[in-house]
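Listed here are the chains, written in short residue letters.
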Amino acid sequence: MCMESVIRDIDDLSAADRQAVEALVGHSVGRKGQVFLVLLDELTPEQRNRWDALMASVSPFHGHVAATGASQGVLEDEIDRTIAEVRSGQT
């Protein structure tokens, strides 16, 4: 199983990277936004179910970040914690 994540500010992306993001999401993106990418590779059905459950629990946090302007580091820490839980089976 492979899990990787990355968060980048859209404004810091090269033109080619920004075009790739826009191709993935199917529309243009604002310069002030961020892109959050998670690569999930070779998950078992059980691991996929745990990941889906954890993402559902993290979704309200994303809204909190957007509403309060919490730092990128806070979001990255939460994502890292979630990935570690999925890897270890602690759900």
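Residues numbered from 1 in each chain as written. Predicted model: local features only at pLDDT ≥ 70, side-chain atom pairs only at ≥ 80, totals over all residues. Heavy atoms only, no water.

How should the overall build of the protein be read in this particular structure?
Tallying secondary structure elements over the protein gives three helices and two strands in all. Listing each helix as α and each strand as β along the protein from the N terminus yields β-α-β-α-α. Sorting the 91 residues of the protein into buried and exposed places 25% on the buried side. Restricting the contact set of the protein to residue pairs at least 6 apart, pairs at least 24 apart contribute 70%. Only carbon and sulfur atoms are counted for the fraction: they give 51% of the accessible area of the protein, which is about 5900 Å². (Helix = DSSP H or I, 4+ residues; strand = E, 2+ residues; numbered from the N terminus. Buried < 20%, exposed > 50% of the residue type's maximum accessible area, 1.4 Å probe, protein only. Contact = heavy atoms within 4.5 Å. Areas by Shrake-Rupley, 256 points an atom, 1.4 Å probe, with all protein chains shown as cover.)

When you look at helix α1 (residues 15-25) in this model, what are you seeing that I'm missing?
Each α-helix turn comprises 3.6 residues. Residues three or four places apart therefore point the same way. Looking only at α1, the buried set comprises Arg18, Val21 and Glu22. Looking down the long axis of α1, one finds its buried residues gathered within 100° of arc, a one-sided arrangement. Seen from the open side of α1, the exposed residues pointing more than 90 degrees away from its buried face are Ala16, Gln19, Ala23 and Leu24. The inward-facing, buried residues of α1 contact β2 (34-41). (Arc of directions from axis to C-beta.)

Got a minute to help me understand the environment of serine 28 in this structure?
Looking at where serine 28 falls in the secondary structure, it is placed in the loop between α1 and β2. Assessed through its relative accessible area of 59%, serine 28 is described here as exposed. Along the chain, serine 28 and arginine 18 lie 10 residues apart, while their C-alpha atoms are 8.7 Å from each other.

Whenever I open this one, the layout of surface pockets confuses me. Can you help?
Over the atoms rolls a probe the size of a water molecule, and its path tells where empty space is left. By volume, the largest pocket is sized at about 180 Å³. Looking at the lining of the largest pocket, the elements with two or more residues in it are β1 (2-9), α1 and β2. By residue number, the principal contributor to the lining of the largest pocket is α1, which donates four residues. A breakdown of the residues in the lining of the largest pocket according to their chemical character gives seven nonpolar, no polar and two charged. (1 Å grid on protein atoms, 1.4 Å probe; cavity = no way out; pocket = protein on both sides within 12 Å on 5 of 7 lines; lining within 4 Å. Points joined across faces, edges and corners; volume = space filled by probe spheres on them. Nonpolar A, V, L, I, M, F, W, Y, C, P; charged D, E, K, R; others polar.)

Please explain the nonpolar core as it appears in this structure.
With 10 residues, the main nonpolar core is built from Met3, Ile7, Trp51, Leu54, Met55, Val58, Leu75, Ile79, Ile83 and Val86. Every element with two or more residues in this core is listed here: β1, α2 (45-68) and α3 (72-88). (Core = buried A, V, L, I, M, F, W, Y, C linked by side-chain atoms within 4.5 Å.)

Quick question: what am I supposed to make of the environment of glutamate 22 here?
Tracing the sequence through the fold places glutamate 22 in helix α1. In this structure glutamate 22 touches His27, Ser28 and Val29, once residues within four positions along its chain are discounted. Engagement of the side chain of glutamate 22 in a polar contact is seen with the backbone nitrogen of valine 29, the distance being 3.1 Å. (Polar contact = N/O pair within 3.5 Å; in protein donor to acceptor, adjacent residues only side chain to side chain.)

How should I be thinking about the confidence of the model for the protein in this particular structure?
As a general rule, the predicted coordinates of low-pLDDT regions are not to be interpreted in detail. Put simply, the protein has an average pLDDT of 80, and 88% of its residues get 70 or more. Within the protein, α3 has the poorest average pLDDT of any element, 76, and α1 the best, 92. (pLDDT = per-residue confidence, 0-100.)

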